[in-house]
Amino acid sequence: LADLAARFGTPLYVTSERQLRENYRRTYAAFASRYPDVRILYANKANGNAAIRTIVTQEGAGGDCFGLGELELALRAATPPDGLVLNGSNKGLDELQKAIELGVTINVDHPDELETIAKLAETAHNTAKVNLRVLPFSFADPESLDPDLATIALDRSHDKWGMDRPTVLASARRAIALPSVDLRGLHIHVSRLRSTTAPFALASALMVQCMVELRDALGWTPSVLDIGGGFAHERDPESGKPAGSHAVATIESYADVISSTLLQGCAAHDLEPPQLWVEPGRRLVSNTTVLLTRVGLIKRLPTSDTTWVNVDASTNHVMRIPLQGYHHEVVPVRGANRIRSLVANVVGPNCTLDLIAEERALPCISPGEYLAILDVGGYAEAFVTRFNLIPRPATVLVAGDCVDVIRPRETVDEVLAGQIVPDRLRVSG
Ligand SMILES: Cc1ncc(COP(=O)(O)O)c(C=O)c1O
């Protein structure tokens with residue numbers, strides 16, 4: 001890592017191809033060894049780099065696409081369209097048209113969207129493949145649940161997406177009646193970040209209930225159940241807690257709970273288990289990438305106990321730290337096992353506090369050393385901002401001895417190139 005930092009400069013994202021392939025294979029094996037028919041759809045939003053997309057496509061992943069950009073990304077990486085889904089709470093006509101034209105499955109979020117899709121497909125003399133996005137906890141009886149699960153079931157803060165129990169039943173009835181719509185299945189996403197399996201067990205059980213109700217009311221059963229993403233990986237920066245300080249489920253235990261709940265539920269109600277689609281994002285990419293940064297000025301004022309370690313990476317490059325309180329481990333690239341005798345704030349160069357790590361135990365570090373900010377493969381590069389006109393870092397992909405730049409370092413010229421000063425404002429002469 002120190003060699004890479006010296007060769008390519010800092011800040012620098014470094015992604016491990018081997019870790020990415022291992023993550024994919026482990027995730028696929030976890031589900032495929034427990035459930036008869038499984039497809040993994042990588043959630044492109046977590047990291048939309050074209051090289052990452054190409055690798056997961058090579059491994060066999062389909063994709064969850066929000067918007068035309070993510071759809072195009074997946075197509076350019078030669079991902080077969082029948083393994084793609086289009087998600088979103090307010091999809092544009094151009095997105096819907098493209099999905100219908102390509103045979104991409106649309107996860108429908110609203111009854112009116114279903115009508116629009118039907119009209120577009122009819123006009124194109126085509127059939128639209130759709131799943132209905134279900135709010136699984138709308139099928140729960142909160143009073144019968146443990147307090148923790150009842151809190152989840154009663155939390156309506158994510159109702160921006162999906163349809164509740166009565167809306168799903170009405171939409172399924174309508175979709176079946178629409179000749180230009182092929183209602184394939186159901187979709188859910190346990191969107192609040194959860195590092196344990198309990199919400200997934202509940203959601204899976206409720207989806208069995210949903211399937212039973214649809215079968216009994218309409219005689220229809222889904223051939224696909226897309227259970228979305230939301231699976232933490234070991235160090236779980238999204239929790240906002242230090243790695244190792246809390247329980248985090250393994251992908252095998254997520255797969256176990258989901259598969260056994262669905263299979264037992266289907267068997268108990270005489271339902272054919274649908275094909276299972278899984279949309280992991282952060283679980284596949286988070287721990288593939290570190291952000292290397294160089295230590296600059298270290299400040300200790302005579303009147304204060306605080307040590308400020310200035311680095312050249314910024315929260316601009318790990319935006320979910322200030323946005324959502326993610327906790328990323330920060331370790332020195334050399335001598336990571338030195339005694340951690342220093343407690344310091346690690347801060348970036350932008351004009352906010354730019355606090356990357358607060359009161360962190362670190363070894364005694366010196367200016368010029370490199371630090372690695374861990375687990376930034378998911379939702380860091382995807383969220384980069386250019387606040388203070390700071391150019392975005394480069395990204396390199398490492399595979400054994402091979403190192404490739406998969407995103408060049410941006411220059412200040414490039415940052416400014418996208419801006420236009422109207423001619424009338426230019427000083428003449
Ligand atoms: C519909 C859907 N699927 C999958 C994901 C990926 O989630 P995660 O990265 O937590 O696995 C998201 C994240 O927002 C999502 O909205």
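Data block above holds the structure.
Residues numbered from 1 in each chain as written. Predicted model: local features only at pLDDT ≥ 70, side-chain atom pairs only at ≥ 80, totals over all residues. Heavy atoms only, no water.

Turning our attention to the sheet that holds strand β7 (residues 181–187). Taken in spatial order, the eight strands of this closed barrel run β2-β3-β4-β5-β6-β7-β8-β9, and their pairing is parallel. On average, each strand axis in the sheet is tilted by 30° relative to the strand beside it, whichever way the strands run. Of the pairings in the sheet, the one linking β7 to strand β8 (residues 224–226) comprises three bridges and is parallel in character. Directly across from H187, in β8, lies its bridge partner D226. Relative to the sheet, helix α9 (residues 198–218) contacts β7 and β8, its axis offset from that of β7 by approximately 150°. (Pairing = 2+ DSSP bridges. Helix = DSSP H or I, 4+ residues; strand = E, 2+ residues; numbered from the N terminus. Axes fitted to C-alpha atoms, helices over the stretch in contact; angles between N-to-C directions. Contact = heavy atoms within 4.5 Å.)

This part is about the state of the cysteines. Taken as a whole and judged by the stated rule, the model has zero disulfides. For the unlinked cysteine C266, the closest cysteine sulfur is that of C210, found at 11 Å. (Disulfide = S-S within 2.5 Å.)

Mapped onto the fold, E381 is located in the loop between β15 (370–373) and β16 (394–399). With no salt bridge to any partner, buried E381 finds its closest opposite charge in R407, at an N-O distance of 4.1 Å. Of the polar contacts made by the side chain of E381, one reaches the side chain of N47; its length is 3.4 Å. Other than its neighbours up to four places away in sequence, E381 contacts Y13, T15, N47, T289, V376, R392, T395 and R407. (Buried < 20%, exposed > 50% of the residue type's maximum accessible area, 1.4 Å probe, protein only. Lys, Arg positive; Asp, Glu negative; His and termini not counted. Salt bridge = Lys/Arg side-chain N within 4 Å of Asp/Glu carboxyl O. Polar contact = N/O pair within 3.5 Å; in protein donor to acceptor, adjacent residues only side chain to side chain.)

Where nonpolar side chains cluster on the molecular surface, the patch consists of L389, V412 and L416 and spans about 240 Å² of accessible area. Relative to the assigned elements, L416 resides in helix α13 (residues 412–417). Taking the relative accessible area as the measure of exposure, L416 reaches 37% and is therefore partly exposed. (Patch = residues over 30% accessible without salt bridge, like charges linked within 9 Å, V, L, I, M, F, W, Y side chains within 5 Å. Areas by Shrake-Rupley, 256 points an atom, 1.4 Å probe, with all protein chains shown as cover.)

Unfilled space is identified by rolling a water-sized probe across the atoms. Looking at the largest pocket, its volume works out to about 580 Å³. Together, 25 residues line the largest pocket, and K45, H189, S191, R320 and Y379 are the ones closest to its centre. Elements with a contribution of two residues or more to the lining of the largest pocket: β3 (62–66) and α12 (320–324). In terms of residue class, the lining of the largest pocket is made up of eight nonpolar, nine polar and eight charged. (1 Å grid on protein atoms, 1.4 Å probe; cavity = no way out; pocket = protein on both sides within 12 Å on 5 of 7 lines; lining within 4 Å. Points joined across faces, edges and corners; volume = space filled by probe spheres on them. Nonpolar A, V, L, I, M, F, W, Y, C, P; charged D, E, K, R; others polar.)

Function cannot be read off these values alone, since they describe shape.
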